[in-house]
Structures are given as C-alpha cells and as structure tokens.
Amino acid sequence: MSNGTRIKEGLPYPKGATWDGRGVNFALFSAHATKVELCLFDAAGKKELQRIELPEYTNQIWHGYLPDVRPGDIYGYRVHGPYEPEAGHRFNPNKLLLDPYARGHVGTIEWNPACFGYQMETGDDLTFDERDSAPFVPKCVVVDPNFDWKGEPERQYIPWDRTVIYETHVKGFTKLHPGVPKKLRGTYAGFGDRKVLDYIRSLGVTSVEFLPIHTFLDDSYLTDQGLRNYWGYSSIGFFAPDPRYAHEPEQSLREFKEMVARCHDAGLEVILDVVYNHTAEGNEKGPTLSFKGIDNASYYRLLPDEPRYYINDTGTGNTVNLSHPRVLQMVTDSLRYWVQELHVDGFRFDLGTILAREPNGFDNQSGFLKACSQDPLLAEVKLIAEPWDCGPGGYQVGGFPPGWAEWNDQYRDTVRDFWRGEAAATALAPRLCASRDMFDHQGRRPWASVNFITAHDGFTLADMVSYNEKHNEANGENNQDGHSHNRSWNCGAEGPTDDPDINALRERQMRNFLATLLLSQGTPMLMAGDEFARTQGGNNNAYCQDNEISWVDWNIAERGEKLIAFVKKLTKLRRDFPILRRNRFLTGHYDEDLDVKDVTWINANGSEMQGEDWDNGNTKCFGMMVDGRARATGLRKRGEDVSLLIVFNGYHDLVEFTLPPCAGGDKWELLVDTNLEEVPEAHVLATGDVYGVTGRSLLLFAFQTDPA
C-alpha cells in the first residue's frame with residue numbers, strides 16, 4: 001500500500017472491499033450515518049496509517065475507490081452520526097468497526113472498556129465513550145478472490161434420499177488426530193487431510209456439517225474464566241471463515257477453499273451451520289464492533305416504543321433485523337457468496353425461526369424465505385432449519401415451506417423415550433416414517449425430516465446411556481447451565497462402571513439408537529464420535545470447552561472399533577435397500593390398484609396391529625413391515641424393492657415374536673440383531689417361526705422371495 005493513497009468516487013456495488021486487479025472499491029451501507037471514514041493499518045494491524053473519507057453516498061451506500069490498496073491490506077471503518085440511544089442510534093467514530101462484507105479478518109479481540117460505545121464503567125449506555133477501540137479489536141483484510149478449483153464443479157450434489165449427515169467441528173475433530181501433522185491439527189488444512197476424509201467417507205457418510213466457521217468472538221465472561229466460545233455461535237462477520245482455524249491466519253480464505261476442494265475430492269458435501277439470527281454485539285450494554293456502530297437502527301430489531309432496547313428473540317441480547325431490505329440482502333448475499341465463490345453445498349440455519357419472523361410473528365412466506373425460494377443458486381443447495389427459538393410462536397417444526405429440511409426434535413425425544421421405556425409404539429411409529437404428521441404437506445418429501453438422536457448441544461451417545469444427570473461443573477456455572485431433562489438413562493450406574501451387565505446393556509442401547517436412526521425414513525444425522533462412543537464425561541453443554549472435553553479422542557477402544565463396524569454395516573444397508581430411504585411418505589393405506597400396503601405394523605403374535613394395540617399405550621414390542629411391492633413413485637406400478645421387517649423391543653425383558661407372512665415367499669433373513677455383535681451368515685427363518693427378541697433390542701429382517 002502506497003503512503004500517497006488517492007481516492008476516487010468508486011461504485012456503490014458490490015458492497016465490501018472488492019479487488020479488481022488494479023485497486024479496491026469500498027462500499028458500506030448506512031441509512032443514518034453522516035460520514036464514513038476508511039481506516040488503513042500497517043501490516044501488523046497495529047498502527048493506523050490513514051483515515052480517508054469515503055466521498056460518495058448513493059442509495060444509502062457510502063463508497064470510494066482506492067487504486068493504491070492491494071490484497072493483504074488491513075482496514076476498518078469509523079462511522080459518524082447521531083449518538084442517540086433513546087432513538088436507536090449509537091454512532092461513535094471513536095470505535096473502529098468491522099466491515100459487514102469483509103472477506104477476511106485478522107487479529108483477535110481484547111476485552112477493554114474502549115470496545116464499548118458508552119462508558120462501560122458507569123453501566124449507563126446513554127453515556128458516550130471517547131476512547132479509541134482500534135488497538136483492541138480485530139480488523140478486516142482485503143482478499144484476493146482468485147483460486148484455482150482445477151475444473152471442479154461448483155458443488156458436490158448428493159441426492160437428499162442418499163444423504164447421511166455428519167455433524168462435527170473443524171478444530172475439535174482433528175486437534176488430537178494422530179494421523180494429521182501436529183502443525184495442522186485443528187485447522188481447515190488438517191480437516192482436509194486425506195486420512196481424515198477417508199475415515200469419514202468409510203462410515204458411509206455423504207455430507208459433513210460444520211459447526212459455525214463464520215468469524216466469531218469469544219465472550220468476555222468466558223475469557224475472564226479462561227474459557228472459549230468453542231461452538232462459535234457468536235458471529236461478527238458473515239462473509240469470512242474464522243482465521244483461528246487457519247494454519248496461516250492471513251490465508252484463512254484460501255485454506256478454507258482448499259478444505260472444501262479436498263472434501264469434494266472425497267465425495268463429501270460441505271454444509272455450514274450459520275448464525276444469521278444475532279451477532280456478538282449483544283444488547284444495549286454490549287460492545288460496539290460493527291453493525292451497532294454502522295447503523296444500529298437498521299441492522300437490529302429494536303423495541304418499537306423504546307428503541308434504546310433490543311428485541312431479544314434469540315436469548316443472546318439482540319436479533320438481526322431481516323425485515324430491513326439491506327439487511328436481508330446482506331444475508332442472502334452472504335449465502336450466495338459461500339455457494340458461488342466457496343463451493344459450499346448447503347446450510348443449517350441456527351434458530352431458523354427467527355429468520356422467518358416478521359413483526360407479526362413467524363411467517364413461512366416471510367421475506368427471507370421468499371428470497372431463498374426464488375433464488376436459482378440457493379434453490380440448488382441443501383437448506384436445513386433449526387425450527388425453533390425462544391421468541392413468541394418460536395416452535396415451528398414442520399412449518400417451513402417446500403424445499404426446506406428441518407431438524408426434528410420430536411424424533412430425537414421420542415426415540416430416546418422409547419429406548420428408556422417411557423414411550424410406546426403409538427408414539428414411535430410416526431417418527432419412523434419421517435414424521436408424516438408434521439411434514440407431509442405441500443409436496444414436501446420424507447427427507448425434510450432431519451432425524452437425529454444427538455447433536456452438539458446435549459449429551460453424546462455414550463453419555464446418554466451412561467448418565468441420568470448433567471455434569472457441567474467445568475463450565476463455571478455451578479452446573480446450572482444446560483438442559484436438565486435429557487431423556488437419558490444410565491442403565492443402572494451414574495458414569496463409568498466395571499459392572500459387565502450394565503456395560504453390555506449400554507453397548508446394546510447405543511446399537512439400538514444407531515440402528516433406529518439409520519433404518520428410519522427421513523434424513524439421518526450422526527454426531528461425530530458417536531460411532532465409537534465418544535464421551536464428554538457427562539457435560540451436556542460443552543459450548544465453552546475448547547479442550548479435551550470437546551475434542552475428539554482418537555484413542556479408540558475395542559468397543560469403539562466394533563461400534564464403527566456396526567455403523568458401517570447400517571449405512572451400507574441403507575444404501576443397498578432403497579426402501580429404507582423412500583422419496584414418498586409411508587402411509588399404511590391400502591392401495592387397491594396394487595393390492596398392497598406400503599407399511600404394516602405387526603404385533604408380537606405376527607398379526608397386524610389393531611386399534612386396541614395402539615390405544616392402550618403399552619405396546620413396547622412391535623414390528624414395522626415395509627413392503628417392497630408398494631409404489632416407489634407416483635406412477636401406478638409395483639415397486640421392485642426387497643421387503644423389510646424391523647422389530648423394536650423397548651420392553652425390558654425377552655419377547656417371543658412370530659415372523660409374519662409376506663406375499664411372494666416364506667423366508668426371512670436376519671440381518672441385524674442389536675443383542676449380537678455379529679449375526680451368523682445366512683440366518684434364515686420361515687414365516688410363522690418364533691424369534692426370541694432380547695429385552696431392549698432391535699432386529700432387521702429382509703424378505704426372500706420365491707424364484708419365479
């Protein structure tokens with residue numbers, strides 16, 4: 001960067017800092033600012049070299065062009081305007097602000113009182129603070145967008161019906177991985193290591209879902225305790241991969257692109273968990289780091305009668321105002337950027353209900369949802385909502401429009417309850433069929449139900465069968481944080497035990513959960529490490545544990561290796577038997593044209609379940625017979641899939657189960673028995689035979705048709 005920087009008018013688009021090979025165009029939206037200064041820093045990001053007023057203001061966009069600025073140069077903004085908190089305005093040019101469209105960041109935050117727009121020591125957000133925040137805050141960096149994708153297609157497309165999602169953390173997955181070079185562990189480059197990706201692919205996984213990688217901050221109350229915001233749900237930049245996960249932080253964009261390319265080479269999709277519902281700036285007592293100082297009244301939802309205060313539907317202090325056209329544009333621009341320029345294959349939207357909430361409440365025809373549905377680029381990627389938040393009308397599972405998938409917490413809760421003996425067939429059956437009661441409308445498909453047993457928030461699979469109570473003491477909140485109602489069961493002892501019977505039951509329960517998940521209709525999601533019984537020692541809220549509590553431990557015990565083999569078997573079965581991933585909802589209705597039911601529910605005596613079997617709520621052992629002859633599409637023709645029988649025994653004791661008849665033959669082959677580590681080859685039984693189903697176990701049979 002030359003010291004004799006010249007300024008030109010530039011253009012109001014695209015927003016952000018855009019390198020064109022000769023210079024950089026800067027463009028920043030603010031509807032209420034009176035002046036915007038661009039601040040340029042030295043290579044270390046420490047010394048402010050120049051302040052340059054952006055000369056033009058077009059359609060609420062401040063802009064200017066600097067021919068002497070290059071990729072790698074570091075910048076921020078100072079925005080002038082009224083400091084009138086009671087009117088919703090919090091401009092303070094003493095605070096260096098991050099560009100909302102920055103493609104790269106450098107540095108970390110140092111929680112100094114100067115980071116706040118008011119005099120923090122007074123606790124009064126109506127006061128005005130004149131200290132310069134620049135020495136204490138991260139900065140933006142101009143990036144070179146060029147990257148050689150070597151002919152790779154823009155996205156890795158996996159059909160929804162073949163999708164198996166694997167939720168993980170960029171850093172935590174490789175931080176302790178012995179096959180990754182030490183200097184690369186915990187980085188984008190480390191995750192892109194071939195050993196890592198080959199392992200994930202070997203599980204039968206198709207899509208990796210990363211916890212947030214947008215630039216985020218560590219909350220001050222955590223750093224004061226020596227903790228970190230490990231999960232990353234505290235975004236401050238929606239266009240940049242966080243530099244903390246880069247081997248060379250100044251190259252975070254390039255390293256992220258390389259990781260995506262390596263994932264695609266391995267046949268894996270990349271899905272990002274994104275947090276557009278709130279930012280790290282918090283409420284009126286929070287810091288001034290970006291949006292708050294650029295145009296607080298536009299970027300955030302404020303109380304209509306008291307705009308000094310924020311609407312807090314997120315529970316984190318503020319709510320991003322997607323009802324504002326420029327803010328909505330920023331979010332959709334961000335999504336398109338990650339798809340088009342970084343080749344990301346999909347998104348999981350944290351607290352997705354908030355994004356669809358207009359002033360009148362949740363609206364599945366909101367501006368945001370309409371913008372996504374009509375966008376030709378976003379229509380081609382996976383969009384997954386977390387369909388709840390803590391605001392009014394915030395629980396909306398099944399309420400999102402066609403084209404969206406949703407996390408299904410009712411699946412999670414019901415399956416957990418069934419295997420701990422607290423739910424019966426009448427509750428479980430709809431969840432096994434992709435929750436048709438919630439999702440079968442407007443042409444939505446079974447894949448819209450993203451089924452999961454565990455996720456980052458809560459117990460791991462191993463902890464779910466080992467602890468009745470949460471053990472979050474390490475979080476520094478006296479074990480008051482995290483959910484207390486986990487629907488878990490320790491099988492008879494709290495935590496690790498040497499009791500062989502309890503350990504055997506825990507192993508079987510883990511197999512039950514995994515088998516239920518991967519044999520259900522809908523889209524399954526595994527949490528990384530569950531396939532080998534990873535533990536967090538009973539911590540069900542490890543959001544602040546950037547350490548061995550959260551990092552995946554690759555010292556896998558023998559039981560873990562066996563569980564991995566079991567998961568591989570299940571994902572192979574899911575691939576081999578298309579009837580497990582039908583693109584039509586199973587209804588149980590009789591098809592007169594084909595003389596077949598797609599699914600029949602079977603009693604332990606081998607007969608079809610009747611009304612009393614459902615009504616009494618005590619049926620804990622039952623079968624789900626899925627008929628391969630049922631139509632697979634809307635065409636009126638017989639299906640050609642193999643029929644399957646899945647037997648669920650949530651009862652604590654053995655149940656004698658009679659194998660039911662099925663047209664076209666009289667033999668059932670046992671493929672899975674969660675009471676057995678291995679099923680004997682060619683274990684074939686006849687219809688009418690009785691099989692002893694161990695208490696709390698699951699069976700899978702494939703029907704053998706007679707030769708024509």
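Above this text you will find the structure in question.
Residues numbered from 1 in each chain as written. Predicted model: local features only at pLDDT ≥ 70, side-chain atom pairs only at ≥ 80, totals over all residues. Heavy atoms only, no water.

Asker: Sorry if this is basic, but what is going on with the packing of aromatic side chains here?
Answerer: For any pair of aromatic rings, geometry is given as the distance between the ring centres together with the angle between the planes. Under the counting rule described, the total for this entry stands at 46 aromatic pairs. Look at Trp160 and Trp447: their rings are 4.6 Å apart centre to centre, the planes differ by 5°, and that puts the pair in the stacked class. Taken together, the residues span a long stretch of sequence, with Trp160 in the loop between β11 (139-141) and β12 (165-168) and Trp447 in the loop between α12 (436-439) and β20 (449-452) at a distance of 287 residues. A relative accessible area of 13% means that Trp160 is categorised as buried. An angle of 85° between the planes, with centres 5.0 Å apart, marks the rings of Phe418 and Trp419 as edge-to-face. The pair formed by Phe418 and Trp419 is uniform in burial state, with each residue classed as buried. The ring centre of Trp551 lies 5.8 Å from the NZ or CZ of Lys175, which sits over that ring. Cation over ring: Lys382 sits above Trp160, and NZ or CZ is 5.0 Å from the ring centre. (Phe/Tyr/Trp six-rings, centres within 6.5 Å; stacked < 30°, edge-to-face > 60°. Helix = DSSP H or I, 4+ residues; strand = E, 2+ residues; numbered from the N terminus. Buried < 20%, exposed > 50% of the residue type's maximum accessible area, 1.4 Å probe, protein only. Lys NZ or Arg CZ within 6 Å of the ring centre and 35° of its normal.)

Asker: Can you help me understand the nonpolar core in this one?
Answerer: A general feature of soluble globular proteins is that nonpolar side chains tend to end up buried together. Grouped together as the largest cluster of nonpolar side chains are 174 residues, with contacts concentrated most on Phe26, Phe347 and Phe368. Broken down by element, this core gets its largest block of residues, 9 residues, from helix α14 (residues 500-519). In this structure, Met625, Val647, Leu659 and Trp668 belong to the second largest nonpolar core, which totals 19 residues. (Core = buried A, V, L, I, M, F, W, Y, C linked by side-chain atoms within 4.5 Å.)

Asker: So what exactly am I meant to see when it comes to the sheet that holds strand β5 (residues 56-58) here?
Answerer: Sheet strands pair via backbone hydrogen bonds, and the direction of the pair is either parallel or antiparallel. Pairing is antiparallel across the open sheet formed by 4 strands, whose spatial order is β1-β2-β6-β5. Where the open sheet ends on each side, the last strands, each with one partner, are β1 (16-19) and β5. On average, adjacent strands in this sheet sit at an angle of 25° to one another, irrespective of strand direction. Sheet analysis places β5 next to strand β6 (residues 61-66), joined by 3 bridges and oriented antiparallel. For Thr58, the partnering residue across the bridge sits in β6 and is Ile61. (Pairing = 2+ DSSP bridges. Axes fitted to C-alpha atoms, helices over the stretch in contact; angles between N-to-C directions.)

Asker: I would appreciate a short explanation of the pairing of strand β15 (residues 346-349) in the present structure.
Answerer: Two faces, one strand: in a regular strand the side chains alternate between the faces of the sheet. Residues Gly346 and Arg348 point to one face of β15 and Phe347 and Phe349 to the other, with burial holding for every one of them. Bridge analysis of strand β14 (residues 269-274) against β15 gives 4 bridges, and the strand direction is parallel. Residue pairing in the sheet places Leu272 in a bridge with Phe347 of β15.

Asker: Help me out: how do you make sense of empty space enclosed by the protein in this one?
Answerer: Empty space among the atoms becomes apparent when a probe as large as a water molecule is rolled across them. Across all of its chains, the model carries 7 cavities of 30 Å³ or more by this definition. Approximately 180 Å³ is the volume found for the largest cavity. Sorting the residues of the lining of the largest cavity by element identifies β12 and α1 (170-174) as the ones contributing at least two each. Here the lining of the largest cavity is composed, by residue class, of 9 nonpolar, 7 polar and 2 charged. (1 Å grid on protein atoms, 1.4 Å probe; cavity = no way out; pocket = protein on both sides within 12 Å on 5 of 7 lines; lining within 4 Å. Points joined across faces, edges and corners; volume = space filled by probe spheres on them. Nonpolar A, V, L, I, M, F, W, Y, C, P; charged D, E, K, R; others polar.)

As far as function goes, none of this settles anything; it's purely spatial.
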